[in-house]
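Each chain is listed here by its residues.
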Amino acid sequence: MRLIRPSNRRLSSIASSDSEFISYMNNKAKSINKALDNSIPLCNNSVPLWEPVLEVHKAMRYTLLSGGKRVRPMLCLVACELVGGQESTAMPAACAVEMIHAASLILDDLPCMDDDSLRRGIPTNHKVFGEKTSILASNALMSLAVKQTLASTSLGVTSERVLRAVQEMARAVGTEGLVAGQAADLAGERMSFKNEDDELRYLELMHVHKTAVLVEAAAVVGAIMGGGSDEEIERLKSYARCVGLMFQVMDDVLDETKSSEELGKTAGKDLITGKLTYPKVMGVDNAREYAKRLNREAQEHLQGFDSDKVVPLLSLADYIVKRQN
Ligand code: GRG
């Protein structure tokens, strides 16, 4: 099976096998994990941290380092390299995006939100550390994300680029991003819709904010750090929006078609809670077709980039549409 489904003649010369891409991803994940591990210490110059702070650091590390596909930081690094930057230049920002993601997962799992007890095959953060510490850990991850990104200036990144990146991340978290998506998700549980079109419009708007905006920010921030032109940043943004939405469509499909063991989180919960999902609105098969269409669209946005350097992004999109967990 080929990972790449080329969308034009130029891209058709590109091919990458499953195993090549998996090993590429594993290498990237290894460097991301190392950087994340170093970002939250348990002691300071061999002196253990103050006990209450130590507990918060443990909770931050618990979610940040407990597996995860690392799709967002990977996208950030690859976008940086695609526009001519070095992986190391975007590493702090890539970690920052993953910290925001981890912070959002902790909040999402809380009893007052999605009330989940299982994520990535292990108990959720609040089940281990309690709700109070979880909330503190989530907030601390957010603040660390900003601190990390600002520190990119020490790698020679201009203040202008760093500020732009922070601005992009701030937009992705607040009421133009994650918070808006989550608010829409909570409100959606009590809503009734006139027809399927209205339902679909709401669903799309919710997931663009809840999922796609952070995926988009990952690519944009990577391209900013790498010194991409405005046109390159825009193209990557459009690619990432399609990928982000496709990611959520597949998330909904997997929730309905896979077991908790396979997913490492409570499966079938959307169905039980009557949540608005793509399979619910359009059926599983149509949702899969929609994800494939988004994949083709995502790949089209990459036309014009260097055909070799674009391979990881094409494969990443393919990986997302074919993922099993
Ligand atoms: C202030 C940070 C902050 C957030 C407030 C709680 C909240 C608003 C938003 C929740 C956003 C959320 C959890 C969206 C779900 C996105 C999603 C598809 C998560 C699963 O991502 P994967 O599959 O997870 O990449 P892994 O485990 O691989 O990292």
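Since this is a predicted model, take the numbers as computed values, not measurements.

1. As for the overall build of the chain
Part 1 of the argument: Within the chain, the regular secondary structure consists of 15 helices and four strands.
Part 2 of the argument: Here the C-alpha atoms of the chain give a radius of gyration of 19 Å, agreeing with the 20 Å that 2.2 N^0.38 yields for 325 residues.
Part 3 of the argument: Summarising its shape, the C-alpha atoms of the chain cover approximately 60 × 45 × 35 Å along the three principal directions.
Part 4 of the argument: Counting all 325 residues of the chain, 52% fall into the buried class.
Part 5 of the argument: Across the chain, the fraction of contacts at a sequence separation of at least 24, relative to all contacts at a separation of at least 6, is 74%.
Part 6 of the argument: In the chain, the 39 positive side-chain charges and the 43 negative ones have mean positions that sit 3 Å from each other.

2. A closer look at the packing of helix H1 (residues 18–39) against helix H15 (residues 311–322)
Part 1 of the argument: Where H1 contacts H15, the axes come no closer than 11 Å and their chain directions differ by 100 degrees. As judged from the angle between their axes, H1 and H15 are roughly perpendicular. Judged by residue contacts, Phe21, Tyr24 and Met25 of H1 engage Pro312, Ser315, Leu316 and Tyr319 from H15.
Part 2 of the argument: The residue makeup of the contact of H1 with H15, split by class, is six nonpolar, one polar and no charged.

3. Focus: the side chain of histidine 207
Part 1 of the argument: Note on placement: histidine 207 falls in helix H9 (residues 196–225).
Part 2 of the argument: Taking relative accessible area as the criterion, histidine 207 reaches 4% and is therefore assigned buried.

4. Observations concerning the pattern of salt bridges
Part 1 of the argument: This structure, assessed with the given rule, holds 17 salt bridges.
Part 2 of the argument: Measuring nitrogen to oxygen at the nearest pair gives 2.7 Å for the salt bridge that ties arginine 119 to aspartate 109. Of this pair, arginine 119 sits in strand S3 (residues 118–119) while aspartate 109 sits in helix H4 (residues 87–109); the two residues are ten residues apart in sequence, bridging distant segments of the chain.
Part 3 of the argument: Residue class for arginine 119 comes out buried when judged on its relative accessible area of 18%.
Part 4 of the argument: Across the salt bridge formed by aspartate 318 and lysine 322, the nearest N and O atoms sit 3.5 Å from each other. With a gap of four residues between them, aspartate 318 and lysine 322 both fall in helix H15, about one helical turn apart.
Part 5 of the argument: Given a relative accessible area of 28%, lysine 322 falls into the partly exposed group.
Part 6 of the argument: Several salt bridges converge on common partners, so that one network encompasses Asp108, Asp109, Arg119, Asp185 and Lys210.

5. A short note on unusual backbone geometry
Part 1 of the argument: In this structure, arginine 70 takes a positive phi of about 65 degrees despite not being glycine.
Part 2 of the argument: Looking at the secondary structure, you find arginine 70 in the loop between helix H2 (51–64) and helix H3 (71–82).
Part 3 of the argument: With a phi close to 50 degrees, arginine 120 is a non-glycine residue in the positive phi region.
Part 4 of the argument: For arginine 120, the location among the structural elements is in the loop between S3 and strand S4 (122–123).

6. Describing the environment of lysine 127
Part 1 of the argument: Tracing the backbone through its elements, the reader meets lysine 127 in helix H5 (residues 125–129).
Part 2 of the argument: Here the alpha-carbon distance between lysine 127 and arginine 201, two residues 74 residues apart in the chain, equals 35 Å.

7. Details of helix H7 (residues 159–173)
Part 1 of the argument: Helix length check: H7 (15 residues) gives 21 Å between terminal C-alpha atoms against 21 Å at 1.5 Å per residue, within 8%.
Part 2 of the argument: Buried within H7 are the following residues: Val162, Ala165, Val166, Glu168, Met169, Ala172 and Val173. Angular distribution of buried residues about the axis of H7 spans 160 degrees; they occupy a single face of the element. In H7, those exposed residues whose orientation departs by more than 90 degrees from the buried face are Glu160, Leu163 and Gln167.

8. Looking at the site of the ligand
Part 1 of the argument: Residues in close proximity to the ligand total 20 residues, the closest being Lys69, Arg72, His101, Arg120 and Phe247.
Part 2 of the argument: Arginine 72 has a polar side-chain atom sitting 2.8 Å from an oxygen atom of the ligand.
Part 3 of the argument: A distance of 2.8 Å separates an oxygen atom of the ligand from a polar atom in the side chain of histidine 101.
Part 4 of the argument: For the ligand, the protein covers 91% of the area, taking 750 Å² as the surface of the free molecule.
Part 5 of the argument: Contributions of two or more residues to the shell around the ligand are made by H4, helix H8 (178–188), H9 and helix H10 (230–257).
Part 6 of the argument: The element contributing the most residues to the shell around the ligand is H4, with five residues.
Part 7 of the argument: Among the residues forming the shell around the ligand, the class breakdown is seven nonpolar, six polar and seven charged.

So, how was this worked out
The residue numbering used here restarts from 1 in each chain and proceeds along that chain's sequence as written. Local features in this predicted model are restricted to residues whose pLDDT is 70 or higher, and side-chain atom pairs enter the listing and the counts only when it is 80 or higher, whereas totals over whole chains, interfaces and linings include all residues. Derived side-chain values reflect all non-hydrogen atoms in the structure, with water molecules and hydrogen atoms excluded from consideration. For helices the rule is a DSSP run of H or I covering at least 4 residues; for strands it is a run of E covering at least 2, with both sets numbered from the N terminus onward. Only the C-alpha atoms count toward the radius of gyration. The rule for a globule is 2.2 Å times the residue count to the power 0.38. Each residue's exposure class comes from its accessible area (1.4 Å probe, protein chains only) as a fraction of the maximum for that residue type: buried when under 20%, exposed when over 50%, partly exposed otherwise. It only takes one pair of heavy atoms within 4.5 Å for two residues to be counted as in contact. Charged-residue counts in this description rest on Lys and Arg as positive and Asp and Glu as negative, His and the chain ends being excluded. Charge coordinates come from a single atom per side chain, which is NZ of Lys, CZ of Arg, CG of Asp or CD of Glu. Fitting a line to C-alpha atoms yields each axis, with helices limited to the stretch in contact; the angle taken between N-to-C directions then spans 0 to 180 degrees. The labels follow the angle: roughly parallel below 35 degrees, roughly antiparallel above 145, roughly perpendicular from 65 to 115, and oblique for the rest. For this classification, the nonpolar set comprises Ala, Val, Leu, Ile, Met, Phe, Trp, Tyr, Cys and Pro, the charged set comprises Asp, Glu, Lys and Arg, and every other residue, Gly included, is treated as polar. Between Lys or Arg on one side and Asp or Glu on the other, a salt bridge is scored when a side-chain nitrogen of the former is within 4 Å of a carboxyl oxygen of the latter. Given the number of residues in a helix, its expected span is that number minus one, multiplied by 1.5 Å. Throughout, the arc means that of the directions going from the helix axis to the C-beta atoms. It suffices for a single heavy atom of a residue to lie within 4 Å of a molecule or strand for the residue to be listed as near it. Each polar contact in these results corresponds to two N or O atoms within 3.5 Å; when the atoms are within protein, one needs to be able to donate a hydrogen and the other to accept it, and residues that are neighboring in sequence are counted only if both atoms are side-chain atoms. Accessible surface area values rest on a Shrake-Rupley calculation with a 1.4 Å probe, where residue burial reflects the displayed protein chains alone.

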